[in-house]
Amino acid sequence: MKLSTSHLLGIKDLTKEDIELILSTAQQFKDVLQRPVKKVPSLRDITIVNLFYENSTRTRMSFELAERRLSADTLNFAASTSSAAKGETLLDTVNNILSMKVDMVVMRHSASGAPHFLAKHIPAAIINAGDGINEHPTQGLLDAFSMIEKKGSLEGLKVAIIGDIMHSRVAQSNIYLLNKMGAEIMVAGPPTLIPKYIKEAHGVRVEYDVMKALEWCDVANVLRIQLERQNQPLFSSLREYNLAYGIKRSMLDKLKKEIVIMHPGPINRGVELDSDVADGPHSIILNQVENGVAVRMAALYLLSPKSN
Amino acid sequence: MKILLKQVIIADPRSPHNGTVKDILIADGIITKIAGEIDGAEEVLHCGGTSFASPGWVDVFANFNDPGFEYKETLETGAAAAAAGGYTNVLVLPNTNPVVHNKTQVEYIVQKSKGLAVNIHPLGAVTKACEGKELAEMYDMYSSGACAFSDGNYPVQSAGLMVKALQYVKAFNGVVIQVPVDKTIGQFGLMHEGIMSTKLGLPGVPALAEELMVARDIKLARYADSKLHFTGVTTPKSFEYIRRAKEAGLQVTCSVTPHHLFFCDEDLLEYDCNLKVNPPLRSKEDMMALREAVLNGTVDCIATHHMPHEWDSKICEFEYAKNGMTGLETSYAALNTVLPNLSAEQVSTLFSLNARKIFNLPAAEIKEGETADITLFNNDGDTQLTNETTKSRSVNSAFMNKMLKGKVIGIFTKANKFINP
């Protein structure tokens, strides 16, 4: 089995079969990760560069770990401490790295479409680790993996994505993926943080009352308020955000059902999520992190020159 | 020197020969004779009864970047691109370095353009350094040869300042050109806000940002009773406002670009930086409405918004790419490809006559005794611009390598000629 694409730029470009293939491969890798010897030789002699033009802790570590578990050689690049800080262009940087015989590129970048630009100009396989406010495909995949693990299937599953939809590449990748897999989607949050045309673009439900969203859903994927990506004030204060849109334990207690709480991290505790929710029984946040490694192993493996 | 245009269809609604096939004799830059059959010239250009002679075309909004950004374009390369595109007159933006905001800068362009193939008319800045804070010396610039006034790519945001500018230029019958964008709306936008921007994860510029500015500036023009020209208009609502202003007798006119008529936001699927322009490419419906506005006469002129950029400004991440594409050389063919039923008269009107009226340029009538200022074109030839054939210094055009219908044969102006290969 092969993917229909040679890069992982976004969930937008994947077929349902591609998604199923990545998720089933991830399940195999997850089984591997439970063993005493967690390393497999699948990507021996493959060199992968992790290009991070934006700060990252868990995604970068998750990719790096996935690469090492697959026995790949890894190179790390952080824009703030590199030639990018000296004004080198993205294309120059990547071409220089590829000259050193690197096979695959994992890239995070603050500009939407940056990996798509790179894919047009370089021969190596590219995995998007987050581009601007566009997509974060491996997060979408690991969220799906975690939802399936908890709920059995995505078909007909009611997923509410809550919070800063506007600046969230996680939301976009989740929406593309869940739509392809037959889930029902609602986005909820303050109107200033919900793209005006999201209903027309993705056929999702839009709700401004978070309690109603919680009542509707089986899974609530709560997003981080992306203060770093907001160039202008879109709500009045973090305090008010928490009052109006934060998920509190008392809200979950009022529901007549058990729902699953997810969050891509890092959490702004006391803003979008109160600590007793983040750490409470509904939360599968740490499972998401665990699954991230397996999902990234699957993506790397399926896109590597060894599989193609 | 005598040049004879053999068997050319005259496309000038003001001429008694309009629509007829004639021979035109040009001697030392003057149209000396128009008749059914003329002989005895040193040089003959056979047009076979299928090519049109229009009054020389005028581009009302092009950036030649000279001085300051000569690595993008110079007055020389810009003029060469204009000639290849059939333009005999070009109004160039003040967004140079230094900005064209005083007499010295206007004179630089006027003097330096004298020997060039086409007539270059500087647009003077409305405000000092195009910063939108203080009025520039528009009277002095007008006296030195500035043809109209605009802050170019940095439209005047303050209503108070804009109304003063509109009032101020009345003293010398001036026109203010505005790209209608309210920059407080969709300030960080990179493309049209809509379904496509949502799908592509790019911040959007809503149509509202333009429509608010059009509505506002029309009110200001009414108050000032002055001349206002909008360029790069893109939305149906804007055209509705402009149409109503015209019906009310206001001196409001507008122009659109060939790229807004040819492309829409759906073409941005691959994040093609050459399609990053300002105002942004709008939706497909907007694009179709734009074509309709050209056909029904709401649009007065075609403006290329020729914005050359060096390689590195476009071969980069979409967010970091500069706005704009080159357009002079593909303008007519792009328009003719999407609107093949435009009559030659409509082409002359859109490319020349209206702009000449609005900006007080010489009439360029195709008539015996007049100075020859003529563009020759046909609608059945082909145009295919490539990186090798472009005369512009830059290659940032989404029209590159596209096969377009319609061809500019050449121009006659300034007692000279330029014929395309």
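Fair warning: this is a prediction, and the values are worked out from it, not measured in the lab.

### Looking at the environment of I225 of chain A
And step 1. Structurally, I225 of chain A can be placed in the loop between β8 (219-222) and α9 (238-245).
And step 2. Separated by 58 residues in the primary sequence, I225 of chain A and H167 of chain A have C-alpha atoms spaced 8.3 Å apart.

### Quick notes on the packing of aromatic side chains
Residue and element names in this part refer to chain B.
And step 1. Enumeration over the complete set of coordinates arrives at 21 aromatic pairs over all chains.
And step 2. Considering the side-chain rings of Y139 and F172, the 5.9 Å spacing of their centres and the 70 degrees angle between planes classify their relative orientation as edge-to-face. With Y139 in helix α3 (residues 138-144) and F172 in the loop between α4 (159-168) and β10 (175-178), the pair connects residues that are 33 residues apart, well separated along the chain.
And step 3. Note on F172: relative accessible area 6%, which makes it buried.

### Let's talk about the pattern of salt bridges
And step 1. Scanning the entire structure with this criterion turns up 23 salt bridges over all chains.
And step 2. One salt bridge connects R249 of chain A with D253 of chain A, and the closest N-O pair in it is separated by 3.5 Å. Of this pair, R249 of chain A and D253 of chain A both sit in helix α10 (residues 249-254), 4 residues apart, roughly one helical turn.
And step 3. Salt-bridge contacts for K6 of chain B lead to E37 of chain B; the nearest nitrogen and oxygen are separated by 3.2 Å. One end of the pair, K6 of chain B, is in strand β1 (residues 2-10); the other, E37 of chain B, is in the loop between β3 (30-35) and β4 (43-46), and 31 residues separate them in sequence.
And step 4. We classify K6 of chain B as buried; its relative accessible area is 10%.
And step 5. Three or more residues are tied together by salt bridges with common partners; here these are K30, E149 and E290 of chain A.

### Describing the domain arrangement of chain B
Residue and element names in this part refer to chain B.
And step 1. The assigned domain composition of chain B is domain 1 (1-50) and domain 2 (55-358).
And step 2. If you average the C-alpha positions of domain 1 and of domain 2, the two centres end up 33 Å apart.
And step 3. With 5 residues of domain 1 at the interface, the matching set in domain 2 holds 6 residues.
And step 4. Note on domain 1 versus domain 2: buried area summed over both sides is about 430 Å², and carbon and sulfur give 65% of it.
And step 5. Summed over the shared surface of domain 1 and domain 2, the number is 0 salt bridges.
And step 6. Taken together, domain 1 and domain 2 are joined by 2 residue pairs in polar contact (both at pLDDT 80 or more).

### Examining the nonpolar core
And step 1. By size, the foremost hydrophobic cluster in this structure holds 91 residues, and its most contacted members are I120, F230 and F351 of chain B.
And step 2. Those residues in contact with I120 of chain B that sit more than four places away from it in its chain are F64, L75, A79, V90, V92, I109 and S113 of chain B.
And step 3. Listed in part, the 63 residues of the second largest apolar core include L178, M181, I185 and I194 of chain A.

### Some thoughts on the pairing of strand β6 (residues 184-188) of chain A
Residues and elements named next belong to chain A.
And step 1. Counting buried positions over the 5 residues of β6 gives 4, a clear majority of the element.
And step 2. Pairing geometry for strand β5 (residues 158-162) and β6, over 5 bridges, is parallel. Note on β6: the bridge partner recorded for V159 is I185.
And step 3. With helix α6 (residues 169-180) bridging β5 and its parallel neighbour β6, the resulting β-α-β unit is right-handed.
And step 4. The pairing of β6 with strand β7 (residues 205-207) spans 3 bridges and is parallel. Note on β7: the bridge partner recorded for M186 is R205.

### Quick word on the sheet that holds β6 of chain A
Residue and element names in this part refer to chain A.
And step 1. Taken in spatial order, the 5 strands make up an open sheet running β7-β6-β5-β8-β9, and their pairing is parallel. Strand pairing shows two members of the sheet lacking a second neighbour, β7 and β9 (260-262), which therefore form its edges. Here the strands of the sheet are splayed against their neighbours by 20 degrees on average, with no regard to which way each runs.
And step 2. In this sheet, β9 lies alongside β8 in parallel orientation, the contact comprising 3 bridges.

Definitions and cut-offs
- Sequence order as written defines the numbering, with residues in each chain counted from 1.
- A letter from A marks each chain and a number from 1 marks each ligand, given out in the order of writing.
- Local features in this predicted model are restricted to residues of pLDDT 70 or higher, and side-chain atom pairs are both shown and tallied only at a pLDDT of 80 or more, whereas totals for entire chains, interfaces and linings draw on every residue.
- To obtain the side-chain values, all non-hydrogen atoms of the structure were included, while hydrogens and water were left out.
- For helices the rule is a DSSP run of H or I covering at least 4 residues; for strands it is a run of E covering at least 2, with both sets numbered from the N terminus onward.
- In this scheme Phe, Tyr and Trp rings, the latter by its six-membered ring, pair at centre separations within 6.5 Å, and the angle between planes marks the pair as stacked below 30 degrees, edge-to-face above 60, and tilted otherwise.
- The buried label applies to any residue whose accessible area, calculated with a 1.4 Å probe on protein chains only, is under 20% of its type's maximum; exposed applies above 50%, and partly exposed to all values in between.
- By definition here, a salt bridge exists when the distance from a side-chain nitrogen of Lys or Arg to a carboxyl oxygen of Asp or Glu is within 4 Å.
- Either an automatic procedure or a domain database provided the assignment from which the domain bounds are taken.
- Contacts between residues were defined by any pair of non-hydrogen atoms, one from each residue, lying within 4.5 Å.
- Each of two parts loses accessible area, computed with a 1.4 Å probe, when they are put together; buried area is these two losses added.
- Pairs of N or O atoms within 3.5 Å make up the polar contacts considered here, provided that, within protein, one atom can donate a hydrogen while the other can accept it, and that residues adjacent in sequence are counted only when both atoms are side-chain atoms.
- Nonpolar cores are built from buried Ala, Val, Leu, Ile, Met, Phe, Trp, Tyr and Cys residues. Side-chain atoms within 4.5 Å join them into one set.
- Being paired, for any two strands, means DSSP has found at least two bridges between them.
- A clockwise course of the path from the first strand over the helix to the second, judged with the strands pointing away from the viewer, identifies a crossover as right-handed.
- Axis definition: a line fitted to C-alpha atoms, over the contacting stretch in the case of helices. Angles run 0 to 180 degrees between N-to-C directions.

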